[in-house]
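Structural characterization, general
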Amino acid sequence: MSIHAAVRTASRTYSHHSGYLVFIWPALAVLLCAALWIATVVRSDAEHERAETQARKDASAYAEAYEQYITRSVGQMDQVTMQLKFSWEKSRNLGLLDELRRDGMFTDAAFSVVAIVDRNGLVQASTRPALIGSDLSAGPYFVQHRNHISTALRIGTAPPRFTREGDEGDLVLFTRRLDTRDDEFDGIVLMAMDARYFTSFVSPATLGVGGVVALAGSEGRLRAEQRSDGAAFLDSSDKLLPAHEDLWASERGVRLVQGQHGFADGQARVLGWRHSSAYPLVALVGLSHAAALEAAQASWIDSRDRAIVISACLLLLGAAGAVLARRAVLREREQEEVQRAYRTATESGNDGFYMAAAVRDREGEITDFRIVDCNERGAFFYGLTRATLIGSSLSQIDSALFGEALLDTYRKAMEAGFHEDDRRMPLDNRLNISWGRRRLVRVGNGLAVTLQDISERKAHETQLERLANEDVLTGLATRHAFLAAMPAILAQAGSTGSGLALLFIDLDEFKHVNDTHGHATGDQLLRSAAARLLSLLRPTDQVARFGGDEFLVLLHPCEGERQAASVAARIVEAFSVPFLIGDELHAVGASIGISMFPRDGEDAETLVRHSDIAMYAGKNEGKGQYRFFDPALSNSLNSRARLKQRMLEAIEHDQFALVYQPRVHARSGELLSMEALIRWQHPELGVVSPAEFIPLAESTGLIVRIGEVVIDKACAQLAAWREAGVELVPVSINVSPKQFLRGGVQRHLSCAMARHRIPPSLIEVEITESAMMGDHDDILAELASLRALGVKLHVDDFGTGYSSLSQLQRLKMDVLKVDRAFTTELGNSKEGKVFFQAIVSMAHALGMSVVAEGVETEEQLDILRGLDCNEVQGYYIARPVAAAEMAAMMRRRFLLGQGALASGSLAPEVVSF
């Protein structure tokens, strides 16, 4: 029964049963009050629950966006410190930091200190000159790097000594271990950053009153926070953040934190957190619980006060109903209903409200609605004035903006009594709102409509989502977003039987551009590359920046290899055209690896890995080309990886051994020296040819450790022969080009000689001609350090490189070893003899002895004697022998006449290491 019907019934009953009206009206008033308070409480609870839910969503979204911001920011610090480590270990240039500052690095005010600290804890180079020479060896960061071989980035709190005069905030300290070429501790790279660089993520208005953004180290070394009032703290007693780290021990989450284990100021907050996917850091966002519930609490107070007033009115009406006439009671009820509806529609002055009366046809069906009242805010949303809007029909206001959807919504609200939703408004210049929250409440024969403008909040949510899924620099999809979308695309392709192609694109020479022209130019080049890449693809193709200068392209659909090859060729050709950045052209190419779905993989991870393998295989064969994945590529990589691992095990388990090949006087045959050659005796593979493992050792850098093994073993063997009473001759040790160019040979050689008490007269160092091509100053310095030990220096494999007479003169080498290719030509052609004669004459003119390598026949030996060659080495003299046989040769001393026993059909030694 409706209120109006109840009033009419009560009035009629009053006419006939006046004695009962005294009890009926108060009872009716009490029942109405009870219903009103139930509705008020239920609605308030719902508002509080919505506010709680929204606060949790906001805290979770802010934490996720903040975690990505922190990961990107720390990732930049990671790259900067890694670049500093690489540049320092390569150059040891004390002016490195000044050069980088001149190139535009470390100019941001957030960089408080950047420094290079040596192995003793002394600052060698710093962006703050006052720190140079300071002793930092007692710092926990220095102790940790010194005691742990890991080169991973360490994040912690900077001590007060790094704070500059005038700095307003605390500092976050990033450090990374420096290594020598032998992986020994050589100091640290240190970088102190303003903590506000990491905590000033959102504006105070976004956080709200009492909000806080915090960054915590998951290993307990770092706590930094910034409040909505602008105050920032780093590992200070003034921090609000709870001390119990188990609150955010899980990878991600959101919870209400309050009570004795809560925030330091005792205020309850909704805490959202996310652990960084790449670093031991946790991003935390705390939103004031009270602020989150403020609107709901205000709504409850308004509803409570309104319910109190209405309840009082109902009780008064109930008391007066016994004596009032039926018409007066009905009129008063009707007026109160209109007033209540009016107050409901005008709760917020920033919201638009409308009173819409239903227009019905003869059958009672609703055909339209007419606006009977509104406020100015509501009229503004539609680009009208209040006077213009009142009296208009819904169909007139619509005018093709909403179609039938708006009228259908109003009809449903009339049927259900209530309707609420968030709606994106049509794109039309007549509307002054893009997103609105609508609330429609049925009141009699009409609707009370409230329209709240939520455009700004929706725009903020869209921005947060874009930050999570779109690469800020290029505007392309991020790696995370791309890989997240892949499973659905692959599933759809699998169900329809269509093919896909994944292209892994790497920019050639990008690192050179980035290093020589700066990160700003590199960033602009990446943006231009992304734009050029997009212009070459279809709208249906997916593109993402995978990281650094790498991109992923998913051709969807792809009819086969021919189509994929066509697209790849088009990209390679387009990227061969230089990019114009500013006033300069920068040439970078593209190397592309291609994997096909489902042939090369049925999941995203496999397809990406296989396309990556194909790209690097193509890059090794020559940049600027594309290549399809072949399972053999994976097998080859696996074989190389296994061989590399076995070489590491060989070094650890002492599987390498040395053999020795004599070098004799060309005329007398007297043993003058011997060359140490390495052999690998594997317990399962047997003897592994140097031609198989030396190239891999060169490419992986293991040749440096193997070279150190050769030096140690050669010195140890000389000491053993000496103890056995053998009259010694010098041993020549080969130094690989990579080992020589990296430096450190002199240090390791001097240590080995001192450890085994080997005089320098028994050591000779052989350096290939190609290793001496490069920076003359560095080469001369390295050779001078070796010569200072007192050892002799040989030019090995002469004739295979491009050294000049002037270069040989500056290098001041002792012995010139002519490559076996020239020795082979002796006796075969007149030119061969002429060339060899020229080499001997040149060497003697420079004061160098000449050694002929690869002497295989008596005829070659006779020719070499006639050319006045000093020494000879080869199978005609003796093949490489073990230490015991070499000892016998040293006792015999004169070896010519034994060549026939050692020559024969044996192949010449092709790898000298």
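Residues numbered from 1 in each chain as written. Predicted model: local features only at pLDDT ≥ 70, side-chain atom pairs only at ≥ 80, totals over all residues. Heavy atoms only, no water.

1. Comments concerning the overall build of the protein chain
- Across its full length, the protein chain holds 31 helices and 32 strands.
- Counting only residues that meet the buried cut, the protein chain has 49% of its 913 residues in that class.
- Taking all contacts inside the protein chain whose residues are at least 6 apart in sequence as the whole, residues at least 24 apart take part in 62%.
- For the protein chain, the accessible area works out to roughly 43400 Å², and carbon and sulfur atoms hold 53% of it. (Helix = DSSP H or I, 4+ residues; strand = E, 2+ residues; numbered from the N terminus. Buried < 20%, exposed > 50% of the residue type's maximum accessible area, 1.4 Å probe, protein only. Contact = heavy atoms within 4.5 Å. Areas by Shrake-Rupley, 256 points an atom, 1.4 Å probe, with all protein chains shown as cover.)

2. Describing the pairing of strand 28 (residues 763-768)
- Summarising burial for strand 28: six of the six residues are buried, a large majority.
- Both faces of strand 28 are covered, namely the face carrying I763, V765 and I767 and the face carrying E764, E766 and T768.
- Alignment of strand 27 (residues 731-735) against strand 28, held across five bridges, turns out to be parallel. Bridging from a neighbouring strand, V735 pairs with I767 of strand 28.
- Here strand 28 pairs with strand 29 (residues 792-798) via five bridges, running parallel. When the bridges of strand 29 are listed, E764 appears paired with K792. (Pairing = 2+ DSSP bridges.)

3. Re the environment of G669
- Relative to the helices and strands, G669 resides in the loop between strand 24 (656-665) and strand 25 (671-682).
- The class for G669 is buried, based on a relative accessible area of 0%.
- Sequence-wise, G669 and F894 are 225 residues apart; in three dimensions their C-alpha atoms are separated by 5.3 Å.
- Contact partners of G669, with chain neighbours within four places excluded, come to V664, R893, F894, L895 and L896.

4. As for the nonpolar core
- Counting 85 residues, the largest nonpolar core has W721 and I763 as the members making the most contacts within it.
- Discounting chain neighbours no more than four positions away, the residues touching I763 are C715, L718, V731, I733, L749, M753, I758, V791 and K792.
- V74, L100, F174 and A224 belong to the second-largest nonpolar core, a separate cluster that totals 44 residues. (Core = buried A, V, L, I, M, F, W, Y, C linked by side-chain atoms within 4.5 Å.)

5. Overview of the pattern of salt bridges
- Under the definition given, this model contains 29 salt bridges.
- E509 is the partner of K623 in a salt bridge, and the nearest nitrogen-oxygen pair spans 3.0 Å. With a gap of 114 residues between them, K623 in the loop between helix 19 (604-621) and strand 23 (626-628) and E509 in the loop between strand 17 (500-507) and helix 16 (510-517) connect regions that are remote in the sequence.
- A relative accessible area of 38% means that E509 is categorised as partly exposed.
- Measuring nitrogen to oxygen at the nearest pair gives 2.6 Å for the salt bridge that ties D654 to K713. Of this pair, D654 sits in the loop between helix 20 (631-652) and strand 24 while K713 sits in helix 22 (residues 703-723); the two residues are 59 residues apart in sequence, bridging distant segments of the chain.
- A relative accessible area of 24% means that K713 is categorised as partly exposed.
- What emerges from the salt-bridge pattern is a single network uniting E47, R50, E420 and R439. (Salt bridge = Lys/Arg side-chain N within 4 Å of Asp/Glu carboxyl O.)

6. A short note on the packing of helix 16 against helix 17 (residues 519-535)
- Contact geometry of helix 16 with helix 17 gives a least axis separation of 6 Å together with a crossing angle of 145 degrees. Each of F510, V513, N514 and H517 in helix 16 lies in contact with helix 17, whose residues at this interface are H519, T521, G522, L525 and L526.
- Partitioned by chemical class, the residues of the contact of helix 16 with helix 17 number four nonpolar, five polar and no charged. (Axes fitted to C-alpha atoms, helices over the stretch in contact; angles between N-to-C directions. Nonpolar A, V, L, I, M, F, W, Y, C, P; charged D, E, K, R; others polar.)

7. Some points on the sheet that holds strand 14 (residues 418-424)
- Read from one edge to the other, the open sheet built from five strands follows the order 13-12-16-15-14, with strand pairing classed as antiparallel. Bordering the open sheet on either side are strand 13 (366-374) and strand 14, each of which pairs with just one other strand. For this sheet, the mean angle separating the axes of adjacent strands, direction not counted, is 25 degrees.

8. Remarks on a negative patch on the surface
- On the surface, a cluster of negative charge is contributed by D361, E363, E365 and E415.
- Its location among the elements puts E415 in helix 13 (residues 404-416).
- Under the relative-accessibility criterion, E415 is labelled exposed at 67%. (Patch = residues over 30% accessible without salt bridge, like charges linked within 9 Å, V, L, I, M, F, W, Y side chains within 5 Å. Lys, Arg positive; Asp, Glu negative; His and termini not counted. Charge placed at Lys NZ, Arg CZ, Asp CG, Glu CD.)

9. Focus on the layout of surface pockets
- The calculated volume of the second largest pocket comes to roughly 1900 Å³.
- The wall of the second largest pocket is formed by 49 residues, among which Q54, A295, R437, Q452 and R457 lie closest to the centre.
- At the level of elements, helix 2 (18-91), helix 6 (204-207), strand 11 (281-288), helix 7 (289-292), helix 8 (294-321), strand 15 (435-443), strand 16 (446-453) and helix 14 (455-469) are the ones that each hand at least two residues to the lining of the second largest pocket.
- Here the element with the most residues in the lining of the second largest pocket is helix 2; it accounts for eleven residues. (1 Å grid on protein atoms, 1.4 Å probe; cavity = no way out; pocket = protein on both sides within 12 Å on 5 of 7 lines; lining within 4 Å. Points joined across faces, edges and corners; volume = space filled by probe spheres on them.)

10. Notes on the pairing of strand 6 (residues 212-217)
- Along strand 6, six of the six residues are buried, which leaves the element largely enclosed by surrounding structure.
- For strand 6 and strand 7 (residues 223-227), the ladder comprises five bridges, and the chain directions are antiparallel. If you follow V212 over to strand 7, its bridge partner there is R227.
- Note: strand 6 against strand 11, six bridges, orientation antiparallel.

11. Considering the side chain of H748
- Position of H748 relative to the elements: it lies in helix 24 (residues 745-756).
- Residue class for H748 comes out buried when judged on its relative accessible area of 15%.
- Ignoring any residue separated from it by four or fewer positions in sequence, one finds H748 in contact with E708, I711 and D712.

12. Points about the packing of aromatic side chains
- For the structure shown, the criterion picks out twelve aromatic pairs.
- On the basis of an interplanar angle of 80 degrees and a centroid distance of 5.4 Å, the ring pair of F142 and F185 is categorised as edge-to-face. Linking F142 in helix 4 (residues 140-147) with F185 in strand 5 (residues 185-194), this pair joins segments that are 43 residues apart in sequence. The same class applies to F142 and to F185, which are both buried.
- Seen from their ring centres, F656 and F693 are 5.7 Å apart, and the 45 degrees between their planes marks the pair as tilted. Of this pair, F656 sits in strand 24 while F693 sits in helix 21 (residues 690-700); the two residues are 37 residues apart in sequence, bridging distant segments of the chain. Here the two residues F656 and F693 agree in accessibility, since each one is buried.
- Above the plane of the ring of F263 lies R269, whose end atom (NZ or CZ) is 4.7 Å from the centre.
- Looking at R532, its charged tip hangs above the ring of F579, at a distance of 3.7 Å from the centre. (Phe/Tyr/Trp six-rings, centres within 6.5 Å; stacked < 30°, edge-to-face > 60°. Lys NZ or Arg CZ within 6 Å of the ring centre and 35° of its normal.)

13. Here's the deal with the sheet that holds strand 4 (residues 171-179)
- Strand order in the open sheet formed by five strands is 2-1-5-4-3, with antiparallel pairing between adjacent strands. For this open sheet the edge positions go to strand 2 (123-126) and strand 3 (154-157), each flanked by a neighbour on one side alone. In this sheet, neighbouring strand axes are inclined to one another by 25 degrees on average, regardless of whether the strands run parallel or antiparallel.
- Two strands pair when backbone bridges link them, and strand 4 and strand 5 are joined in this way by nine bridges, in the antiparallel orientation. Along strand 5, the bridge assignment pairs D179 with F185.

14. Notes on the environment of H480
- Structurally, H480 is set in helix 15 (residues 479-496).
- Looking at H480, the relative accessible area reads 56%, which means it is exposed.
- Distance from H480 to E470, taken between C-alpha atoms, is 9.3 Å for residues ten residues apart in sequence.

15. Some points on helix 21
- Those residues of helix 21 that fall on the buried side of the exposure criterion are P690, F693, I694, L696 and A697.
- By the N-cap criterion, in which a side-chain oxygen at the helix start approaches the backbone nitrogen of a residue two or three places on, helix 21 is capped by S689, the distance to A691 being 3.1 Å.
- Backbone geometry just after helix 21 places G701 at a positive phi near 90 degrees. (Polar contact = N/O pair within 3.5 Å; in protein donor to acceptor, adjacent residues only side chain to side chain.)

16. A closer look at helix 24
- A rise of 1.5 Å per residue sets the reference length of helix 24, with its twelve residues, at 16 Å; its end C-alpha atoms lie 17 Å apart and thus fit the reference within 8%.
- Every buried residue of helix 24 is accounted for by V745, H748, L749, A752 and M753. With its buried residues spanning 130 degrees around the axis, helix 24 presents them on a single face.
- Two residues or fewer after helix 24 comes R757, characterised by a positive phi angle close to 55 degrees. (Expected span 1.5 Å × (residues − 1). Arc of directions from axis to C-beta.)

17. Digging into the confidence of the model for the protein chain
- When the pLDDT values of the protein chain are averaged, the result is 81; 86% of them are 70 or greater.
- Note that pLDDT drops below 50 for residues 1-17; the model gives that stretch 24 contacts with residues more than four away or on any other chain.
- Here residues 898-912 is a poorly scored stretch, pLDDT under 50, and it has 33 contacts once near neighbours within four places are set aside; other chains count. (pLDDT = per-residue confidence, 0-100.)

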